[in-house]
Every structure is written in C-alpha cells, then in structure tokens.
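# Structural description and commentary
Here is what each chain is made of, one letter per residue.
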2 protein chains.
Amino acid sequence: MTGGRTGGYDPLVNPQPIPAQTDPASLAALLAAARLDLPGVRLLTEVAERESYRLDETAYLSAGLPGAVALPATTAEVAALLRLATAHRVAVVPRGAGTGLSGGAAGIEGALTIALTRMDRILEIDRANLCVVTQPGVINAVLKAAVAAEGLFYAPDPASYEICSIGGNLGTNAGGLCCVKYGQTRDAVLGLEVVLADGTVIRTGGRNIKDVAGYSLTHLFVGSQGTLGIITEATLRLRPAPAPRATLLVFFDTLDAAGDAVAGMTAAGLVPVTLELMDRATLVAVEDWHHLGLDVTAAAMLMIESDAPGSGATDELDQAEAAALAAGGRSIIRAADAAEADWLRQARRLALRALERQGTVRMEDVGVPRASVPELLRAIERITAAHGVRCATFGHAGDGNLHPNLIFDRDDPEAAALTHRVRDEIFRAALDLGGTVTAEHGIGAARREWLPIQHGEAAVGVMRAIKTALDPLGILNPGRVV
Amino acid sequence: MTGGRTGGYDPLVNPQPIPAQTDPASLAALLAAARLDLPGVRLLTEVAERESYRLDETAYLSAGLPGAVALPATTAEVAALLRLATAHRVAVVPRGAGTGLSGGAAGIEGALTIALTRMDRILEIDRANLCVVTQPGVINAVLKAAVAAEGLFYAPDPASYEICSIGGNLGTNAGGLCCVKYGQTRDAVLGLEVVLADGTVIRTGGRNIKDVAGYSLTHLFVGSQGTLGIITEATLRLRPAPAPRATLLVFFDTLDAAGDAVAGMTAAGLVPVTLELMDRATLVAVEDWHHLGLDVTAAAMLMIESDAPGSGATDELDQAEAAALAAGGRSIIRAADAAEADWLRQARRLALRALERQGTVRMEDVGVPRASVPELLRAIERITAAHGVRCATFGHAGDGNLHPNLIFDRDDPEAAALTHRVRDEIFRAALDLGGTVTAEHGIGAARREWLPIQHGEAAVGVMRAIKTALDPLGILNPGRVV
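Values in this document were obtained by computation on a predicted structure and should not be read as measured data. (Residues numbered from 1 in each chain as written. Chains lettered and ligands numbered in written order. Predicted model: local features only at pLDDT ≥ 70, side-chain atom pairs only at ≥ 80, totals over all residues. Heavy atoms only, no water.)

## Side note on the relation of the copies chain B and chain A
Least-squares fitting of chain B to chain A yields an RMSD of 0.0 Å, with the transformation described by 0.0 Å of translation along the axis and a rotation of 180°. What the superposition gives is, in effect, a two-fold axis relating one chain to the other. A symmetric contact is evident, with 100% of the interface residues of chain B recurring at the interface of chain A. (Least-squares fit on C-alpha atoms with pLDDT ≥ 70 in both. Contact = heavy atoms within 4.5 Å.)

## Looking at the pattern of salt bridges
Note on pairing: side chains with opposite charge can pair once their charged atoms come close. A complete count under the given rule lists 54 salt bridges over all chains for this structure. With its nearest N and O atoms 3.5 Å apart, the salt bridge here joins E305 of chain A to R245 of chain A. With E305 of chain A in strand β14 (residues 300-306) and R245 of chain A in the loop between β11 (239-240) and β12 (246-252), the pair connects residues that are 60 residues apart, well separated along the chain. A salt bridge links R348 of chain B to E276 of chain B, with the shortest nitrogen-to-oxygen separation between them at 2.5 Å. Pair noted here: R348 of chain B is in helix α11 (residues 338-349) and E276 of chain B is in strand β13 (residues 274-279), with a separation of 72 residues, a long-range link. (Salt bridge = Lys/Arg side-chain N within 4 Å of Asp/Glu carboxyl O. Helix = DSSP H or I, 4+ residues; strand = E, 2+ residues; numbered from the N terminus.)

## Here we look at the nonpolar core
By size, the foremost hydrophobic cluster in this structure holds 155 residues, and its most contacted members are M265 and I466 of chain A together with M265 and I466 of chain B. Setting aside residues up to four positions removed in sequence, I466 of chain A forms contacts with L220 and L228 of chain A together with L217, L220, I466 and L470 of chain B. L31, V78, A79 and V92 of chain A belong to the second largest nonpolar core, which has 28 residues in total. (Core = buried A, V, L, I, M, F, W, Y, C linked by side-chain atoms within 4.5 Å. Buried < 20%, exposed > 50% of the residue type's maximum accessible area, 1.4 Å probe, protein only.)

## Structural notes on the interface of chain B and chain A
Interfaces are often sized by the accessible area lost when the parts come together. With 67 residues of chain B in contact, the opposing surface of chain A contributes 68 residues. Of the roughly 5,400 Å² buried where chain B meets chain A, counting both sides, 62% is carbon and sulfur surface. Area buried by chain B at its contact with chain A is led by K210, V212 and Y215 of chain B, which between them contribute 18% of it. Applying the counting rule to chain B against chain A returns 4 salt bridges. Between K210 of chain A and D399 of chain B there is a salt bridge; the shortest N-O distance is 3.3 Å. Breaking the side of chain B that touches chain A down by element, the ones donating at least two residues are α6 (179-182), β9 (201-205), α7 (217-221), α15 (451-455) and α16 (457-470) of chain B. With 9 residues, α16 of chain B is the single largest residue contributor to the side of chain B that touches chain A. Of the residues assigned to the side of chain B that touches chain A, the class counts are 31 nonpolar, 26 polar and 10 charged. (Buried area = accessible area lost by both parts, 1.4 Å probe. Nonpolar A, V, L, I, M, F, W, Y, C, P; charged D, E, K, R; others polar.)

## Points about the state of the cysteines
The final tally for this structure, using the stated rule, is 0 disulfides over all chains. Note on C164 of chain A: no disulfide assigned, nearest cysteine sulfur contributed by C179 of chain A at a separation of 12 Å. Just so you know, C178 of chain B is unpaired, no disulfide at all, and the nearest cysteine sulfur is the one on C179 of chain B, 6.1 Å from it. (Disulfide = S-S within 2.5 Å.)

## Let's talk about the domain arrangement of chain A
All names here are of chain A. Taken domain by domain, chain A consists of domain 1 (122-240) and domain 2 (246-432). Of note, the centres of domain 1 and domain 2, computed from C-alpha atoms alone, are 27 Å apart. Every contact between the two is made by 12 residues of domain 1 and, on the other side, 15 residues of domain 2. When domain 1 packs against domain 2, close to 1,100 Å² is buried across both sides, 54% of that on carbon and sulfur atoms. Three residues stand out in domain 1 for area buried against domain 2, namely L177, V180 and K181, and they jointly supply 62% of the buried area on that side. Applying the counting criterion to the domain 1 and domain 2 interface returns 2 salt bridges. At the junction of domain 1 and domain 2, the tally comes to 5 residue pairs in polar contact (both at pLDDT 80 or more). (Domains from an automatic or database assignment. Polar contact = N/O pair within 3.5 Å; in protein donor to acceptor, adjacent residues only side chain to side chain.)

## Points about the sheet that holds strand β1 (residues 42-44) of chain B
All names here are of chain B. The strand order across the open sheet formed by 4 strands is β1-β2-β4-β3, and the pairing between neighbours is mixed. Looking along the sheet, the strands with just one partner apiece sit at the ends: β1 and β3 (92-95). Neighbour-to-neighbour, the strand axes of this sheet turn through a mean angle of 20°, independent of strand direction. Looking at chain direction, β1 and strand β2 (residues 68-71) are connected through 3 bridges and run antiparallel. Counted as the bridge partner of L43 is A70 from β2. Strand contacts of helix α1 (residues 24-37): β1, β2 and β4 (112-115), with the helix running at about 150° to β1, the strand carrying the most contacts. (Pairing = 2+ DSSP bridges. Axes fitted to C-alpha atoms, helices over the stretch in contact; angles between N-to-C directions.)

## Description of the sheet that holds strand β10 (residues 230-237) of chain B
Residue and element names in this part refer to chain B. With antiparallel pairing, the 5 strands of this open sheet are ordered in space as β5-β6-β10-β8-β9. The sheet terminates laterally at β5 (122-126) and β9, the two strands that pair on one side only. Going from strand to strand, the sheet's axes swing by 10° on average, the running direction of each strand aside. Pairing of strand β8 (residues 189-195) with β10 involves 6 bridges; the strand directions are antiparallel. Across the sheet, residue E193 finds its bridge partner in β10, namely E233.

## Points about the confidence of the model for chain A
Residues and elements named next belong to chain A. For chain A, per-residue confidence averages 92 on the pLDDT scale, and residues scoring 70 or more make up 96% of the total. Per-residue pLDDT stays below 50 along residues 1-20; that stretch engages in 41 contacts with residues further than four places along the chain or on separate chains. Interface confidence for the predicted complex, expressed as ipTM, amounts to 0.94; the pTM equals 0.95. (pLDDT = per-residue confidence, 0-100.)

## Describing the side chain of T99 of chain B
Secondary-structure assignment places T99 of chain B in the loop between β3 and β4. The residues contacting T99 of chain B, other than those within four sequence positions of it, are E57, S160, I163 and C164 of chain B.

## Some thoughts on the packing of helix α16 (residues 457-470) of chain A against α16 of chain B
Two elements in contact, α16 of chain A and α16 of chain B, have axes whose closest approach is 9 Å; the angle formed by their N-to-C orientations is 135°. Classified by the angle between their axes, α16 of chain A and α16 of chain B sit oblique to one another. Handedness of the α16 of chain A/α16 of chain B crossing: right-handed. Residue-level contacts link V462, A465, I466, A469 and L470 of chain A of α16 of chain A to V462, A465, I466, A469 and L470 of chain B of α16 of chain B. (Parallel < 35°, antiparallel > 145°, perpendicular 65-115°, else oblique. Left-handed = near helix turned anticlockwise from the far one by under 90°.)

## Examining the side chain of H441 of chain A
As for its placement among the helices and strands, H441 of chain A is situated in the loop between α14 (413-432) and α15 (451-455). H441 of chain A sits in the buried class, given a relative accessible area of 8%.

## Section: the packing of aromatic side chains
Aromatic ring pairs are reported here in terms of the distance separating the ring centres and the angle at which the planes meet. All names here are of chain B. All chains considered together, the criterion is met by 4 aromatic pairs over all chains. Where F153 meets Y182, the ring centres are 5.4 Å apart and the plane angle is 70°; that geometry is what we call edge-to-face. One end of the pair, F153, is in strand β7 (residues 152-153); the other, Y182, is in helix α6, and 29 residues separate them in sequence. The residues F153 and Y182 share a single accessibility class, namely buried. (Phe/Tyr/Trp six-rings, centres within 6.5 Å; stacked < 30°, edge-to-face > 60°.)

## Here's the deal with unusual backbone geometry
Residue and element names in this part refer to chain A. For V481, which is not glycine, the phi dihedral falls at a positive 65°. The residue V481 is located in the segment after α16 in this model. Owing to a relative accessible area of 1%, V481 belongs among the buried residues under this scheme.

## Let's talk about the pairing of β9 of chain B
All names here are of chain B. Inspection of the sheet shows β8 paired to β9 by 5 bridges, in the antiparallel sense. Considered in β9, the bridge of L192 is made with T204. In textbook terms, the turn of a hairpin is the stretch between consecutive antiparallel strands, and for β8 and β9 this stretch comprises 5 residues, one of which, G199, has a positive phi near 95°.

## Examining the environment of K144 of chain A
Residues and elements named next belong to chain A. Its location among the elements puts K144 in helix α4 (residues 140-148). Residue K144 is classed as buried on the basis of its relative accessible area of 15%. Taking C-alpha positions, K144 is 35 Å from V47, a pair spaced 97 residues apart along the chain. With sequence-adjacent residues up to four places away left out, K144 is seen in contact with Y154, A155, P156, D157 and Y161.

Okay, structure coming up:
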C-alpha cells in the first residue's frame, strides 16, 4: 500500500520530472534560520507529522513526503518564510485544508509545505459594501455561516464546503453546485493580499465592484494553485441571502434523455441555482449507503434547484419540469419544504463518499460547452464500457462539467494503468468537443501533461513566461500547473 | 486650437516620457516590407489620413501623430504586422473605434497604429451554448442587435455602445449602464484569440462556462489596453433576452439624499439592471439641449431600471422607490411603457454630449466601495467648489462609479492646469475612501502616474514583470497602462 506513496511522483501519472530544487542541507539551513527568527511559526519535522501533509484528496496519485511543514499565523511570517525559501532556494508547496482533487497541494519530496490552516480568522464582514475580508485558512462552511448570521450569502459552494478552506478555493478557482447561477470562486473575489516568491507583499483590488486600474492581478492569482504567490487575505463579494431553495428531482430512462433535458433548460434560458446530474451507478452507490428512496432503476437523475424570490422559484421549477418531461423525464419529486430539500440535496453531496466505499476513486473533472453534455455522457459510457472500467458519473450538468469517477483497485498496478489510459481517452473526447480537461479542480500535478494539449504550446509558453517573471527561481509549487 | 494637439504628449497630463522606440527609418522599412508581402493590409501614410487616428475621445489630452496606420482584415495580417514590428523594433498602437476615454488608443508620434475596424464580422451565434464568436471591429450595438434578433442578449453596455467596438470594450474591460446586475466586459468573455508581440497567435478559453486549466490568460488580456497583445477574436457569453425594462426616475433636494438612497438600495439587496445618478449641472445641460421635462431644481436624479421577469420588475422598483423615499426622494416618475422608458433613458445617454456643448470636458472615472458614494459626492463638490472649477457629475452610482466632468476652456493654459490639479485632488479623495482612479475607462495614457499611487510600487512591479515577459521589446502600446 505504502509502496505507491513514496519516492516522489509516479512517472505514470506525472511524466514530467519535478526539477530538483531542494536538498536536505538547504532545507536544514532554512529551518535553523526560521527557528531563530520566527518563533511564532510552528514547524513540523517529525516523519509522522509530515506524512499527514503528503497527500491531498487525490488518493490515486503518488506524492512526495515534505521535508518539513511550516504553519505560520501571520502574513509577516509567510513573507519571512518565503524570503528564507528564496535565500536558500528551497521549493515550497502552499497548502490549505488539503481537500484538493488535482494533487496541487500534495507534498514534494524534501520540500517545505507551508500550510495556511492557522490563518483562520474572518477579519471583517462589511454589510454596507456586501463583502467579507478573510484569512485563507477559514473553512468555506464557517464563512458561509458567519455571513448568513448577518443575512448575507457567500455563493461559492464546492461539494467539500464543510472541510475545504477559502485559500484552497482561491488557489484552484473552485467551483461547486451553484456555479450555474453564481459563477466560480474567481467571480466572488474583489481583492487579495499576496506574498510573492521573494517575500514581497502586495495587494490587488479592494472593495470596489469595478476597478480597471492596470492588469487584473486578482484574476491571475486566483486559480494559479500557489505557483505565483501565496494568498494571505481575500476580500470576497457577498449577496443578500436568497430565498430558501426549492428542489426538484427528475429521473430518466436514458443518459441521452437526461442530457437532452439539460440542453432544453439551457435553451429555455433557465438559470437555476443548481442543475446537477447523477448516473445510475452513482444513484445505486448513494442508495445502498443511505436509503434515501432514490429510483435506482433510472439511468440518470437531475437535481434542479431554484432560489428565485417570490413565486419565481415555482415558475422556474415548472419550466424545468416541462423541459425535463419534453426530453422524456419520469418520476418527478418536488421537495415539500426546506428540510426535505436539504435531505434530497444530500444525495448529491454524498456521491463521492458513497463511491469511495467501492474502491479507489479516480475522480475526473472534464467540461464541455453546455450543449455537448449529451455527447460527453455518451463518450464516457462508450470509453469506459470498451475497457471494462467501472465508472460512476455525476456533476454540474448545467455548466457542462461532469465528474466521471473511475473506480479501481489501487493495489493492482494493471488496473491503475488502465484507469490512466481510460482517463486520457475521456480527456481526448472532451477536447474533441471543445472542452477542458479540468473545469473546477485544477491542473495541479495530476493533469499537467494535458495543459499544452488543450491550450497549445504557445499559450502555455505565455503561462510559463508569467510564471518565470513572478517566480524566477521556480521555488513556488514547482512541477504544478505549468 | 491645433497647438495643443501636436508634438506628442503634454508633460502636464502625462509626466512620464514615452520611450522613443521608433524612428522614421525603421517604420519606412516596415512599410516597405508590408507593401511587398501584405497586399491585403490597407496602409495610410498621408498626413491628413493619419491625423484622424491621433486622438481618441479624450479631447483634453495631447497625443502624437501616428507615423502610419495599418488596417488589416485578417488575424494572419495582424500577426504578420507584429512580426514586422518586432523585426524593425517599431512601436505599435492597437486601436478600435477610437472612442476610449483614457488616451489608450491615441497616437504615439511616429509609431504604427493598427486599427482593427476592418475585422468587423460576427462569425457565429451559438444559440445552444449561449455565446457569440466575433471579430474585434464589430460595433457593440451591431452585436447587440444581431443577437437580439435571435432572442438573445449581450449585456455589456458602455454609454458609447452605438459607436464603440467590441475590441475596444475588451481592451479597456469597458463598463456601462448595466454592470450592477451583469458585470463588466470581462465577465462576458469566455475565450479570445490574441496575437502576441512577436506575431505568435494563441487562443485562450473557449465556449466552456467553467475551465480552470492553467492561468486565466483571458482575464489578463481583457483590460490590458493592447499592451500585452492584440485581440483578434472573442467568444462572448450571451443570455436569454430579459424582460423589457421598467424605469423609475427619482429627484432629490440634496446630493447626500441621493447618495443615501443608493446606499439604502444596496443594503436592501436590490440588484437593479441600472442605478444611475445625474447631478443638477448634468440635468440642466441635458434639459437645455433636449427639453425632456426633467426637474432641474433638484440637486440630483437617480434612474433605476429593472428587467426582472414577471411581476419582479414592479416589485423591484417598488422597493427602490421605498428606499428613495426613505432617503428623502421626491417627484417620482415611472415610465408608463417601453417607449417612455427608452425616452427617459436618453437623459442619461445624452449627458456627455450635452456637457460638451459647454466647453472642453475632462471626464473622470473614479470609483469607491458602494457605501462611500455619498462621501465621494461630497468630496467632488467640495474640491471643485474650492477651486471654482465647473463640474457636472453623473455615473453608475450602484457600482460606486462616478464620472465627475470638469468643464474648462482648453485654449486657456491656466484652466487646463487647474483642471489637472482638481482631478488629482479628486483621485486622492477616491483613494482615501479605498477607491480607484478608474472604474471602467482604463489607465491608458491619462492616468498612468496614478497606477503606483493606487496599487503600490510592488504590485505595479508585478504588472511590469508580466508586461516585460510578454513584450520584451516593449513595442506594444509603450507608455500606456504600466
């Protein structure tokens, strides 16, 4: 079991070598200086402590053991750590709660992981300007609850919201269940404080809704997965709390019918807050575990939610239901009240955990232009069936973003290799439809070789030029993203 | 009159010298090669022709006479022109329709202006994916009309939409009248084709709603005012056509009351499609010219519009009216129908032209966090009164974005200098409120010295590092933005 986890990256899943940018002597020198000058920084150097920072939530991906883990409590400490990392040429892995799905925060053998988990204070809720100023270590659900207590709403909503941190959400430009209506994390960011590779602290943006003074560094740092700087503070946009959600479940006899229903809702101009799909394999896994009463004979289920005010929610779900019926939907369930809606929503939130009871899950994250969801569903079904690989697909159908989950036995090297090839075929199918290999999880370490395939060498060259301009020594999360 | 327009930049309004990056011999060599190899490119070299590319809409700003103007018709021609510019080290000014308000597309003495006006085709309206693929030379209003014919809506809505081009909108991340609800131009961009300084053509994004593969180059190029590359194609997000707008005008006895009403609407969580302010000086100018029946005894007017579906529009305007009355609003006008709403909307659209009948208008573009609109209004009034400078203020109050228009006689050098000092005081006041010196017009040439004051030298250093990485010879719009 542990064999796959040691010795750095598996060449199978990350064929490009990580540049060796750290050595034990450099790290030791950094740690000695940090112990002397930075008494507030907690340093973890025992193997058992470091082991818990090796992986993120990509259990299928091999990762390195950090040489040390630093837990700063202030921006000044993060800056001091990066000054030391620059001075000693030590590679750094910025990390939030470690719930990422791209290997972006997983360990690099011998490098320094800087975890932002102790910077977990909400600094200000600015009701008048509808924004919140927060440190990166705050858990998404904690932030949501704090602003909800003021009648406000922080929209970004990753499925892992109860355990993921805002810093990780910013690093990956995390998506989630309500992007159809409210966008991804980037769309909620007004300003940042960022520590650059050399320890310089900058601020981008602020509390202004509109600001075109210079390049949009805010948008650039969000989604850069710690390769351009470490985000130490963020100003995030809030909204007035929307109406409670009305929830509709529709079951379909074929994946095609479900895909057609999604296309029909898009064409009708509906912007529901949630438009999620689960296929039969996912329904069965959830039902086996939690007995919610889902129809496991269906090929797929759509969950549609509306938070429109007044009678708008009923109107919106009526229109969604009409589009679903027109596409062949059957057995419709509408939640009678908020409690029942919340309970139905659990079906979607439990999906990944339910699948993980069946084996190692390689969760992918392909996206296509919305109208191509039916084609992508067919391609996933065709590819996985051809290779005899178990797959359960769910995802944010309203955004064109599907998560095919390839389930395999990670102790069987052939199964892992086959899963990898199947993934590559699914990536190719998504790109052939004008799609993306990652809609919300990030390139990280897991998908890096696909970046030039998707964007072309010239565009990736621009990204690398930016990376080199901001991190000339290449110490920030080397081997990730670009 | 022409005296102010010749001889390059006025040190008063742009104290940093433009680096001399072109000379007549280099340009002549470029033109000779272009005549030989690029028969499809129209080249303008006569003085009279070039003169019409000297200025943009910043009439108060001196600008250089382009050495030549190139009008390419294809991406390949733009790429070939930039390869030549790189080879001959010729500075290039990318330009759209020339309606910008920052001097960003104004001429540089002896440089090559590349105008994208001939690349004016809408390439595809993709109904199923709610997006449009367009060349940059398409006029905003033409694009709006073309997609409206398909029942769709392109939201970004600069006041100049009838004459400004999509390429210019992208270059400046243009705002407009409906940003409160629909965001700025950047928020509508899904993908770009960009020609880099050396002629390399890249694509960013695509038709996917969500895509986190690598850095967001799309967001970086939008708003970079031609300093990082030339946008030759864009994929823009559309929406289903919203309901016709319902329009409400409210008049106030004091600017403070109007500002308080805006703050009240924000606090109430209203997201009207439009929330515009006009002060008395603007009302008088419009009324003098067009006799719309506006109440010119009021200190300010707010225009609030809703395009919410069904009864939502009436509900939203009812709530806005309640907030306005609570803040001291009086004499409320509601448009009885769409034609009357359109007519009232003209009041706002005509504002700049009405003021231009009174003298040279220096239109500024400050923004503050929304709750600080009343303070910004007071600061503008205090500063302009103290210096005895005529000022008419209107703007997008719902975004915190106000346009103080300083009206002066441009043939009076003392008046121009005083106007410049007043502008600087207004900028300082906006920054003291946590604001920005430009919310939607851009840094361009007109506000460049304020970029480090607003963001700090370190953040501007990051912008310059990106600029240098992408344009190492500094040929793209030198002296603008960074």
